[in-house]
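Reading the structure
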Amino acid sequence: MALAQTTQEGPLGIGAAPRSGELAQWVSRHGPILLLGLFMVLFPIIANDFFVRQIAGWTMILGMIALSLMFLAGYGGMVSLAQMTVAGVAGYMIAVLGVSSLPKVSLFWPWWVAAPLAIVIAVAFGTLAGALSARTEGIYTIMITLALAASFFYLTLQNWPIFNGFNGFTTIPAPYFLGVNWGGPVPLYYLILFFAALSYAVVSYVSRTPFGLALQGARDNPRRMEAIGYNVTAHRIAAYAFAALIAAVGGILLVWQNNQISPFSVGVDVVINLLIIAVVGGLGHPIGPFIGALIYVILRTFALDALVAVGLDGRRFQTLIGLGFLVIVLFSPDGVVGLWRRFSARVRGNGGRNGL
Amino acid sequence: MSTIAERIAAAGTGNAIELRAVSRFFGALAALTDVTLSVRPGERRAVLGSNGAGKTTLLNCVTGDFPPTSGTVRFFGEDVTTLPPHERIRRGLRRTYQVSLLFQRLSVRDNVYLACRGVSRGRFSFIRTRASDAIMQSVTDLISLVHLESVADRPVGELAHGQQRQLEIALALAGAPRFILFDEPAAGLSPNERADLVAILTALPTHIGYIIIEHDMDVALRVVESVTMMHNGRIFKEGAPREIEADPEVQELYLGGGHG
Amino acid sequence: MSTVFADDKAAYGGVRGDAPTRWIARHPLAALAIAVAVVFVLWLVLAPWPTGFEAVFGRKRLFISALFNGITLGGLYFLVATGFTLIFGLMRNVNLAHGSLYLFGGYMGYEATQWTGSWLLSYVVAFVCCAVVGIAMQFFIFRKMEGQDLRQTLVTLGLSIIFSDLMVWVWGGNAIQIDTPDWLSGPIPTPIVVALKSSGAPMFLYYPRVRLVIFAAAVVLGVGMWLALHRTRIGMMIRAGVDDRDMLSVLGFRVQLLFMAVFAFGAGLAGMAGIVGGTFQSLSLGEDSHFLLASLVVVIVGGMGSIPGAALGALIIGLSEQIGTVYFQNYSTVLSFLIMVIVLALRPQGLLGRR
């Protein structure tokens, strides 16, 4: 597993300042991800606005929100379907507190007030959802968080004073600061890239901290965690709070990317799709959600035309998604990342631990 | 009855473990009935009895894994009856499990590290622990104490049964234990590993007491100074190992019962 | 899940004795409060309301019909949720395709009524069709991933996506209603007074016959299931399996037969519920997730794996939705979710669930 690195690696991880002698080692260990980072930085040069905004932008935003799910599910064993909803709460709050086309509802506070406040509210919501589901075990979490996600969907649908019901909010602008309009395709791309890379790095780092290890311990054996001195429920709730922070930032970026939010941004199908993204990518490694998101975004963008092109009914897109998901779940429970690990292990003939 | 010296000790620091009229019901089924038991600090005690005598339930009541239905549990004088398990552990109580309860997907080192971290500060830390940190030294020491250096970086799920049992012991010795509950630590160990186990137990600092549940009389009676016999959820005899071995009632019920 | 030790097994399989009496003895205040509430509701239903009371709470007719709609909707929810809870309790499989089975059963029942003209026969058709799908799911997929509850749940998720898309393909997105047969249509009088005429003569409530009949059938089914679970050998095995999963290993290979039987039964019930739902309301795209969510909430509120819990949860959620529609128009659905959150906060295992 990805988690089989040793604690000795602690000081060498991302975020800890490597000493000069260890720099080469650090770079070689993180080579693939650094290369990917470089590619992403240069991407707007080689790609047009459509790929920058519709493919890369969406991939990183959905990847971030799915990363929040992956953190809880992969490290904590808690498959929370409420993460898309946390993102939705943040997105709604940025519309309510900030600027939109609805002066009757929106407060028109500047973005530097609205965005932090939206994050705080979304994290509070995510923590509360965690507190409600963390006391039950394992598979119950899916049921409870799905029900919570559905209840938020119905709340936004039925509530007009705050959420503007069925219509939601439109024309929510991305902010303008440092002389840059961050709503433009390329500036927004770099904004998203910054936060996506940051959240990836933080999750990778945290997985080897006492907090992250304790979470993995609670995943493997909550009872034993109690018997070596951990308050498992508190750890789980803290994990929900941390994951909510990532999802909330993703939610705000989602609204800036999309310029609108409505109940259908947080509908049950969207919530389910996010789980599919995380599972297809792989719950064992923080890169998984981004891979899953890339596959999903590409399918969503091109599958309709592709289906029609090969003479199939384009409306059967959902069946295609469902079948692909089933194949992954049945044949590679740890997703595409797991496929890659097994493939590279076979090629190299080792345990495949450093696959990524 | 307790001696005057014992009473003075109990009034001062208190017994290490003190159960008063503890009962535990599962539905209408009584697993423990009215158990009163006290163990001095530093005392080493074996709890013997056939399967279903309530031995593991007794340990579960002490650690809080399954709190008692009635009665009180004191740990070094403090009433811990309603405390959750982790609070009791932080007060210096430790235990091992009959069936290994380990973190299967983490390495041996991470398992031991978690146990050390669990009874220290910084459980919620978002900063990685440096290799130079003092806690890493105690992790390494514990791993070598139970002879698992060669597999220290392997996931626990890949370990042999005997090695997992050894790791169970290491987890219980983390930090500064004051009292340890061993639940059949020798089960499934090879003769060599048993010898190691006896060596570890006898080499524990004298201020650390323990209760050991063990079917292997060779192990159990060599490492304790007193024995409690249980039957059907009740205590029916306490005494020195020699007395218990010689007791005809015990022989009939337990030792002669072909158990081993 | 944590390992269950020999000494602790009894925690799950222990003899429970006369639980209600002991519960009352342990919680005298709560029992008193429930008794008072029951008497108050009986008064609300049976007595004509004083005028001052009507001024605050609206017409009694409105309340009574919301009450009746809530109870009968609870009956429908019970039919759906009971299979869900059994499958979850026994196999730890959160069947996210349960709503699809409901909708599929409804469509098959609709087709059956179109072909045969018999409303009753359509129940048999729906039950058999869904049971076959359930058996196929258990036999071809879940049998091979026993003990991996997350993977099983993910599979049901994939299946639900495919099923729902295929059903849109076949039956389209428009709502379909199943006609009530003549012998069940129309209202019947009930002995409940909704108002007094100016002459002082009481006006009685008229209520749709089909809803009352179906509710009665749901009650009969619930009682029958309770008896089957407590009085038959297979029922004992199921209960033992729900309480203590280690017991299942004692059954050896027959455990698969048991799983398939329970899956078939639960799926079949969901299918029959589809016809009920198609008769009460309608069948359309989205009803599958509606009823999946309803099952989730019912089971979380009532207690996971518990049949009486499903009944209680279904009643509470049915009532809260209908009474909510009358008294809190805009937040009717949110109300039942609010109930769920409160239950989760105070009693995570559900009202009648055990840890």
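Residues numbered from 1 in each chain as written. Chains lettered and ligands numbered in written order. Predicted model: local features only at pLDDT ≥ 70, side-chain atom pairs only at ≥ 80, totals over all residues. Heavy atoms only, no water.

**As for the overall build of chain C**
Scanning chain C for helices and strands turns up 15 helices and 2 strands. Its C-alpha atoms put chain C at 70 × 55 × 35 Å along the principal axes. Taking all 355 residues of chain C together, 49% fall into the buried category. Taking as baseline every contact in chain C between residues at least 6 positions apart, the subset at least 24 positions apart corresponds to 71%. Accessible area for chain C stands at about 15900 Å²; split by element, carbon and sulfur atoms hold 69% of it. For chain C, the distance from the average site of its 22 positive side-chain charges to the average site of its 16 negative ones is 8 Å. (Helix = DSSP H or I, 4+ residues; strand = E, 2+ residues; numbered from the N terminus. Buried < 20%, exposed > 50% of the residue type's maximum accessible area, 1.4 Å probe, protein only. Contact = heavy atoms within 4.5 Å. Areas by Shrake-Rupley, 256 points an atom, 1.4 Å probe, with all protein chains shown as cover. Lys, Arg positive; Asp, Glu negative; His and termini not counted. Charge placed at Lys NZ, Arg CZ, Asp CG, Glu CD.)

**So, the interface of chain C and chain A**
In this assembly, 45 residues from chain C lie in contact with 39 residues from chain A. When chain C packs against chain A, close to 3800 Å² is buried across both sides, 76% of that on carbon and sulfur atoms. The largest share of the area that chain C buries against chain A comes from L154(C), I161(C) and D165(C), three residues that together contribute 14% of it. Applying the counting rule to chain C against chain A returns 0 salt bridges. One can count 5 residue pairs in polar contact (both at pLDDT 80 or more) joining chain C with chain A. For the side of chain C that touches chain A, the secondary-structure elements that each account for two or more residues are helix 5 (60-91), helix 8 (149-171), helix 13 (287-302) and helix 15 (332-346) of chain C. Ranked by residue count, the leading element in the side of chain C that touches chain A is helix 8 of chain C, at 14 residues. Class assignment for the residues of the side of chain C that touches chain A results in 32 nonpolar, 7 polar and 6 charged. (Buried area = accessible area lost by both parts, 1.4 Å probe. Salt bridge = Lys/Arg side-chain N within 4 Å of Asp/Glu carboxyl O. Polar contact = N/O pair within 3.5 Å; in protein donor to acceptor, adjacent residues only side chain to side chain. Nonpolar A, V, L, I, M, F, W, Y, C, P; charged D, E, K, R; others polar.)

**Notes on the pattern of salt bridges**
All names here are of chain B. Summed over the entire model, instances satisfying the criterion amount to 16 salt bridges over all chains. Between R45 and E238 there is a salt bridge, and its shortest N-O distance comes to 3.3 Å. In this pair, R45 sits in strand 3 (residues 44-48) while E238 sits in strand 10 (residues 234-239), placing the two residues 193 residues apart along the sequence. Judged by its relative accessible area of 42%, E238 falls in the partly exposed class. In this structure, R109 and D153 form a salt bridge, with 3.0 Å as the shortest nitrogen-oxygen distance. Separated by 44 residues along the polypeptide, R109 in helix 4 (residues 108-118) and D153 in the loop between helix 5 (134-145) and helix 6 (161-173) bring together distant segments of the chain. Relative accessible area serves as the criterion here: at 29%, D153 is assigned to the partly exposed category.

**Focus: the nonpolar core**
Grouped together as the largest cluster of nonpolar side chains are 189 residues, with contacts concentrated most on F71(A), M143(A), L146(A), L76(C) and M340(C). Looking at which element gives the most residues to this core, the answer is helix 3 (residues 49-76) of chain A, with 17 residues. Counting residues in hydrophobic clusters, the runner-up holds 57 residues, among them Y113(B), L114(B), L197(B) and V227(B). (Core = buried A, V, L, I, M, F, W, Y, C linked by side-chain atoms within 4.5 Å.)

**Remarks on the pairing of strand 9 (residues 226-231) of chain B**
Put simply, side chains in a regular strand alternate between the two faces of the sheet. Residue and element names in this part refer to chain B. The buried count for strand 9 comes to 5 of 6 residues, which makes it a mostly enclosed element. Alignment of strand 3 against strand 9, held across 4 bridges, turns out to be parallel. Counted as the bridge partner of V47 is T228 from strand 9. The pairing of strand 9 with strand 10 spans 5 bridges and is classified as antiparallel. Paired with M229 across the bridge in strand 10 is K237. (Pairing = 2+ DSSP bridges.)

**Focus on unusual backbone geometry**
Most peptide bonds take the trans form, and the phi angle of most residues other than glycine is negative. Residues and elements named next belong to chain B. Positioned with a positive phi, A21 is a non-glycine residue whose angle comes to about 50 degrees. In this fold, A21 is placed in strand 1 (residues 17-26). For D34, which is not a glycine, the phi torsion comes out positive at approximately 50 degrees. Positionally, D34 belongs in strand 2 (residues 29-39).

**Thoughts on the sheet that holds strand 10 of chain B**
Residue and element names in this part refer to chain B. Here we have 6 strands laid out as an open sheet, ordered 6-7-8-3-9-10, and mixed in their pairing. Either end of the sheet is taken by a strand with one partner, and the two such strands are strand 6 (93-95) and strand 10. Each adjacent strand pair in this sheet contributes to an overall mean axis angle of 20 degrees, direction not counted. Each of strand 6 and strand 7 (179-183) is contacted by helix 6, which is oriented at about 160 degrees to strand 7, the strand it contacts most. (Axes fitted to C-alpha atoms, helices over the stretch in contact; angles between N-to-C directions.)

Honestly, that's just the spatial picture; any functional story needs more than this.
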